[in-house]
Amino acid sequence: MLPASSPSVSLSAASLSLRLLTPLNHPFYPPAHRALNSRNLRIHRRRRPCPAAASRTTSTPSSEEAAGLRQWDTLTARFAGASNIPFLLIQIPQILLNYNNLISGNKAALLAVPWLGMLTGLLGNMTLLSYFAKKKEVEAIVVQTLGVLSIYVVLGQLAMAQAMSLPYFAVISVLVVSGLVLNFVNYFGWLSVGLWLVWEDFITVAGISVLPQVMWSTFVPFLPKSILPGVISFVIALGAIILARMRKLPEKMVAFIRSISAWIATLLFMWMPIAQMWTTYLNPDNIKGLSAFTILLGMIGNGLMIPRALFIRDLIWFTGASWASFLHGWGNLACMYYFKSISWTFFLGATLSLYIWTGIALWRDGKVHQYSSPLKSLQELFSAT
């Protein structure tokens, strides 16, 4: 699993996840021409309490409010789409570095990149891709697809350098191709429900098996090296899926199992910055090997997804994007500043940018919904789940 001793790797995987969180969802037409999703509009209005004023008793928004909602819908979609730029830039340096090492015959340099850690990120991106493909969020789909493809390219380079076994890479290739095809076909409604449920069961079992193992491995050697957490989780997850298939579980439990995979992927990505900070705490000198620019790009990419996740009231997306922005991004920059790895002007600029951007997102969302407080949007976000 993702080793705690490799800051650069955990950082790379975490940044991918955050696209996730990116951050991650939309209809078939371009964002600039997309009409406001009627589902979102209905949710926002029916969640609003009904004061005595007549203007609040109607469930139909005024033309002014509808226009504001459409404009904010378009802007948040564009922000989410723009997050592809920083996330793409994050991966290019690593891919180019691996390429140069391969060309120069320095294959040993690629051994520093543990392929299990990259595989963890790949699984998280694939799970979130399925989640957002089901929700028809185009910008998020693109982000997650880029994450899958970029990690797959790195794994291919590792296979070429013999840093990972070719049979393993062949199995991963089948997984990647199958996952992309199934998500593409399902997005357009061409896939049978039964086959899609099999795919969802697979990624659910895989995610539940990987998360406890990654969390355990973070604290090795303080904890004994073991695959027991992953094995136990696999048995439990597989048993739950089988019981759900046999209709031996309550409907609420079945629904929970069906929805847990996206949360597992989000939690997996959320754990990665914790592992990074734990590594920094144990070995402060390693912080010199972190790229402040790479962390900043990850923070920007995830921050751009926050307004969209808030607008469509997607708690999973909002949690992942916010966690990645504030903990993985700003949190790691705070550690770098504490250990004097970056200047105070760099840290201050990043801090002000993130907090002002988040404040604007909350203020604007509350304004287009005509709320008296921006915090009402957060209240709706949590109560809508």
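Here the structure is shown first, and the text comes after it.
These numbers were taken from a predicted model, which means no experiment stands behind them.

### Let's talk about the packing of helix 4 (residues 63-82) against helix 12 (residues 292-311)
Logical step 1: One can describe the packing of helix 4 onto helix 12 by two numbers: an axis separation of 7 Å at closest approach and a directional angle of 140 degrees. Between helix 4 and helix 12, the angle is such that the two are oblique. Crossing hand, helix 4 versus helix 12: left-handed. Of the residues in helix 12, those touching helix 4 at Leu69, Trp72, Asp73, Thr76, Ala77, Phe79, Ala80 and Ala82 are Leu304, Met305, Pro307, Arg308 and Phe311.
Logical step 2: Looking at side-chain class alone, the contact of helix 4 with helix 12 contains 10 nonpolar, one polar and two charged residues.

### As for the packing of aromatic side chains
The geometry of two aromatic rings is summed up by the distance between their centres and the angle between their planes.
Logical step 1: Applying the stated rule across the entire model yields 15 aromatic pairs.
Logical step 2: Judged by centre distance (5.9 Å) and plane angle (85 degrees), the rings of tryptophan 330 and tyrosine 355 are edge-to-face. Of the two residues, tryptophan 330 is situated in helix 13 (residues 315-338) and tyrosine 355 in helix 14 (residues 344-368); the sequence distance between them amounts to 25 residues.
Logical step 3: The interplanar angle of 5 degrees and the centroid separation of 5.0 Å between the aromatic rings of tyrosine 337 and phenylalanine 347 together place this pair among those described as stacked. One end of the pair, tyrosine 337, is in helix 13; the other, phenylalanine 347, is in helix 14, and 10 residues separate them in sequence.
Logical step 4: A network of ring pairs unites the aromatic residues Phe326, Trp330, Tyr337, Phe347 and Tyr355 as a single cluster.
Logical step 5: The lysine or arginine in question, lysine 136, covers the ring of tyrosine 187, its NZ or CZ lying 5.5 Å from the ring centre.

What counts and how
Residues numbered from 1 in each chain as written. Predicted model: local features only at pLDDT ≥ 70, side-chain atom pairs only at ≥ 80, totals over all residues. Heavy atoms only, no water. Axes fitted to C-alpha atoms, helices over the stretch in contact; angles between N-to-C directions. Helix = DSSP H or I, 4+ residues; strand = E, 2+ residues; numbered from the N terminus. Parallel < 35°, antiparallel > 145°, perpendicular 65-115°, else oblique. Left-handed = near helix turned anticlockwise from the far one by under 90°. Contact = heavy atoms within 4.5 Å. Nonpolar A, V, L, I, M, F, W, Y, C, P; charged D, E, K, R; others polar. Phe/Tyr/Trp six-rings, centres within 6.5 Å; stacked < 30°, edge-to-face > 60°. Lys NZ or Arg CZ within 6 Å of the ring centre and 35° of its normal.

By themselves these figures say nothing about function.
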